[in-house]
Amino acid sequence: MEQIKVGIIGCGKISSIYMENCQKFDVLDLVACADIDKERAAEKAAEFGIPRVYSPEELLADPEIQIVINLTIPAAHASVCLQALEAGKHVYVEKPLAVTREDGQKVLQLAKEKGLRVGCAPETFYGAGIQTCLKVIQDGLIGRPVAATAFMLGGGHETWHPDPEFYYQAGGGPMFDMGPYYLTALVQLLGPIKTITGMTGKALEERTITSSKKYGQKIPVEIPTHVAGLIQFAEGAIGTIITSFDVFGGSNLPNIEIYGTKGTLRVPDPNNFGGKVQYRIAGEAEWEEQPLLFGYAENTRGIAAADMAYALQSGRPHRASGELAYHVLEAMWAFHDASDEKKHYEMQSTCTPPAPMPTGLAPYTLDQ
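Residues numbered from 1 in each chain as written. Predicted model: local features only at pLDDT ≥ 70, side-chain atom pairs only at ≥ 80, totals over all residues. Heavy atoms only, no water.

### Observations regarding the overall build of the chain
Okay, so step 1: Within the chain, the regular secondary structure consists of nine helices and 17 strands.
Okay, so step 2: Against the globule reference of 21 Å for 368 residues, the chain gives a C-alpha radius of gyration of 20 Å, in line with a compact fold.
Okay, so step 3: Burial status across the chain gives 57% buried among its 368 residues.
Okay, so step 4: A fraction of 71% describes how many contacts in the chain between residues 6 or more apart in sequence connect residues 24 or more apart.
Okay, so step 5: Summing over all exposed atoms, the chain offers an accessible surface of approximately 15400 Å²; the carbon and sulfur share of this is 51%.
Okay, so step 6: Charge separation in the chain, taken as the distance between the mean sites of 31 positive and 44 negative side-chain charges, equals 2 Å. (Helix = DSSP H or I, 4+ residues; strand = E, 2+ residues; numbered from the N terminus. Rg over C-alpha atoms; globule rule 2.2 N^0.38 Å. Buried < 20%, exposed > 50% of the residue type's maximum accessible area, 1.4 Å probe, protein only. Contact = heavy atoms within 4.5 Å. Areas by Shrake-Rupley, 256 points an atom, 1.4 Å probe, with all protein chains shown as cover. Lys, Arg positive; Asp, Glu negative; His and termini not counted. Charge placed at Lys NZ, Arg CZ, Asp CG, Glu CD.)

### Details of the nonpolar core
Okay, so step 1: Ranked by internal contacts, the top residues of the largest apolar core, which has 116 residues, are Ile69, Leu183, Ile258 and Leu265.
Okay, so step 2: Looking at this core element by element, the count peaks at 11 residues for helix 7 (residues 173-190).
Okay, so step 3: Discounting residues that sit within four places of it in the chain, Leu265 has contacts with Cys133, Val136, Ile137, Ile142, Ile256, Glu257, Ile258, Val277, Gln278 and Tyr279. (Core = buried A, V, L, I, M, F, W, Y, C linked by side-chain atoms within 4.5 Å.)

### Digging into the sheet that holds strand 15 (residues 277-281)
Okay, so step 1: Spatially, nine strands are ordered 16-15-14-13-7-12-11-8-17 in an open sheet, and the strand pairing comes out mixed. Two strands close off the open sheet at either side, each with one partner strand: strand 16 (288-290) and strand 17 (345-346).
Okay, so step 2: As judged from the seven bridges shared by strand 7 (residues 145-153) and strand 12 (residues 238-244), these two strands associate in the parallel manner. Note on strand 12: the bridge partner recorded for Phe151 is Ile242. (Pairing = 2+ DSSP bridges.)

### Quick look at the sheet that holds strand 2 (residues 28-34)
Okay, so step 1: Strand order in the open sheet made by the six strands is 3-2-1-4-5-6, with parallel pairing throughout. Two strands lie at the open edges of the sheet, namely strand 3 (52-54) and strand 6 (118-120), each paired on one side alone. The sheet shows a mean angle of 25 degrees between the axes of neighbouring strands, direction not considered.
Okay, so step 2: The sheet contact formed by strand 4 (residues 67-70) and strand 5 (residues 90-93) spans four bridges and is parallel. For Ile69, the partnering residue across the bridge sits in strand 5 and is Tyr92. (Axes fitted to C-alpha atoms, helices over the stretch in contact; angles between N-to-C directions.)

### Some thoughts on the pattern of salt bridges
Okay, so step 1: Using the criterion set out here, one finds 21 salt bridges in the structure.
Okay, so step 2: The shortest N-O distance in the salt bridge between Asp139 and Lys135 comes to 3.2 Å.
Okay, so step 3: Using a relative accessible area of 55% as the deciding quantity, one classes Asp139 as exposed.
Okay, so step 4: With a relative accessible area of 32%, Lys135 lands in the partly exposed category. (Salt bridge = Lys/Arg side-chain N within 4 Å of Asp/Glu carboxyl O.)

### With respect to the side chain of Thr225
Okay, so step 1: Mapped onto the elements of the fold, Thr225 is located in the loop between strand 10 (218-220) and strand 11 (226-233).
Okay, so step 2: A distance of 2.9 Å separates a polar atom in the side chain of Thr225 from a polar atom in the side chain of Asp246.
Okay, so step 3: Contacts of Thr225, omitting those with residues within four sequence positions, involve Tyr168, Pro174, Gly201, Lys202, Ala203, Arg207, Thr243, Ser244, Phe245 and Asp246. (Polar contact = N/O pair within 3.5 Å; in protein donor to acceptor, adjacent residues only side chain to side chain.)

### A closer look at the environment of Ile36
Okay, so step 1: With respect to the helices, strands and loops of the structure, Ile36 is situated in the loop between strand 2 and helix 2 (38-48).
Okay, so step 2: You can call Ile36 exposed: its relative accessible area is 83%.
Okay, so step 3: The sequence separation of Ile36 and Ile9 amounts to 27 residues, and the corresponding C-alpha distance is 8.7 Å.

### Regarding the environment of Gly104
Okay, so step 1: Considering the arrangement of structural elements, one finds Gly104 in helix 5 (residues 101-114).
Okay, so step 2: You can call Gly104 buried: its relative accessible area is 0%.
Okay, so step 3: Sequence separation between Gly104 and Ala78 is 26 residues, and the spatial gap between their C-alpha atoms is 6.8 Å.

### A word on helix 7
Okay, so step 1: The terminal C-alpha atoms of helix 7, which comprises 18 residues, lie 25 Å apart, in line with the 26 Å expected from a rise of 1.5 Å per residue.
Okay, so step 2: Largest kink in helix 7: about 60 degrees, centred on Gly179, with the proline Pro180 one to four residues after it.
Okay, so step 3: In terms of residue burial, helix 7 counts as a mostly covered element, since 18 of its 18 residues are buried. (Expected span 1.5 Å × (residues − 1). Bend = angle between axes of the 7 residues up to and from the residue.)

### A short note on the environment of Ala228
Okay, so step 1: Along the polypeptide, Ala228 turns up in strand 11.
Okay, so step 2: With 108 residues separating them along the chain, Ala228 and His336 place their C-alpha atoms 9.3 Å apart.
Okay, so step 3: With residues near it in sequence (within four places) discarded, Ala228 still touches Thr197, Gly198, Met199, Ile241 and Ile242.

### What to know about helix 1 (residues 15-22)
Okay, so step 1: Of all eight residues in helix 1, seven are buried; the element is thus mostly enclosed.
Okay, so step 2: Every buried residue of helix 1 is listed here: Ser15, Ser16, Ile17, Tyr18, Met19, Asn21 and Cys22.
Okay, so step 3: Buried-residue contacts for helix 1 involve strand 1 (4-9), strand 2, helix 2, strand 4 and strand 5.

### Describing the pairing of strand 5
Okay, so step 1: Neither face of strand 5 is exposed, since His90 and Tyr92 on one face and Val91 and Val93 on the opposite face are all buried.
Okay, so step 2: With helix 4 (residues 74-86) bridging strand 4 and its parallel neighbour strand 5, the resulting β-α-β unit is right-handed.
Okay, so step 3: Bridge count for strand 5 against strand 6 is three bridges, and the pairing is parallel. Paired with Val93 across the two strands is Cys120, which belongs to strand 6.
Okay, so step 4: This β-α-β element, strand 5 to helix 5 to strand 6, shows right-handed connectivity. (Right-handed = clockwise from strand over helix to strand, strands pointing away.)

So, in structure tokens, the structure goes:
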């Protein structure tokens, strides 16, 4: 099998799991990493046995690299993607696709002009948890889906993250931080979104960092930290979603539930690949656990880059597509727009939900 050569730009916290997993897929050859802090890139290269250490500009100039994995901060996502595409490389980027819809459109348009592929996190929907839920729905176990709820409730990242400032700046907040996981899972399970409405707010104008690196520093809160919304899916189901950094005492609400004409499906945390899948059929008193029917229940970040590499070889679509990521980006902004303008937001984009994962794959293969 011909390997696809890959380079990673951005050697921060999330990069370690990508570097580890990219080397488990035979289709990928991770040959380089880069960061604006070249010393940090060198440390990661030494840790994971990556042969080349570059500046971002040097990595983009390497003619052997075919896919760039963009793990920079959200504010740099679009600019690095555009530079990679201009350099003639396919690109896979951490979520979100871009901070603004305009920049997201620029990325997709340039990729189309260049005949290149764009992929985007989250890729957790490839995992055993969401894929098992998809099969439960497709097999009709809970009947026709009519509604859904999704909750991501917490107190913010300043208590644990070493550099939490960007979570409270443009492109941050609970919807842009965690919304991609929930919305991508919902689109995979229920199809594209038609209409959105929402309300937003924030509990605090300023946050105090209590993680050790910057303990005591103050962060101005520039974006909403509580986002509540309603979703009308194109196929008819109605969803309710709340993402919040303003829930300081914890919550017992489920991550995602899907309500059908024959029963209810409880979906595991979409930030993870595995988790417990449960359902309860109408008239039954107890929840039943559905055994996971697919592989990849562990943290397999990097799988979407491998899927893109396999797709390049076969010509099929890759699952974590730029169109899916843009649809989710537009939806996240739609909650804020609907709140600001006090009206429903009609989605301008749509997407084809990702193809289901095949069953029976050997570990760390994805050739279908």
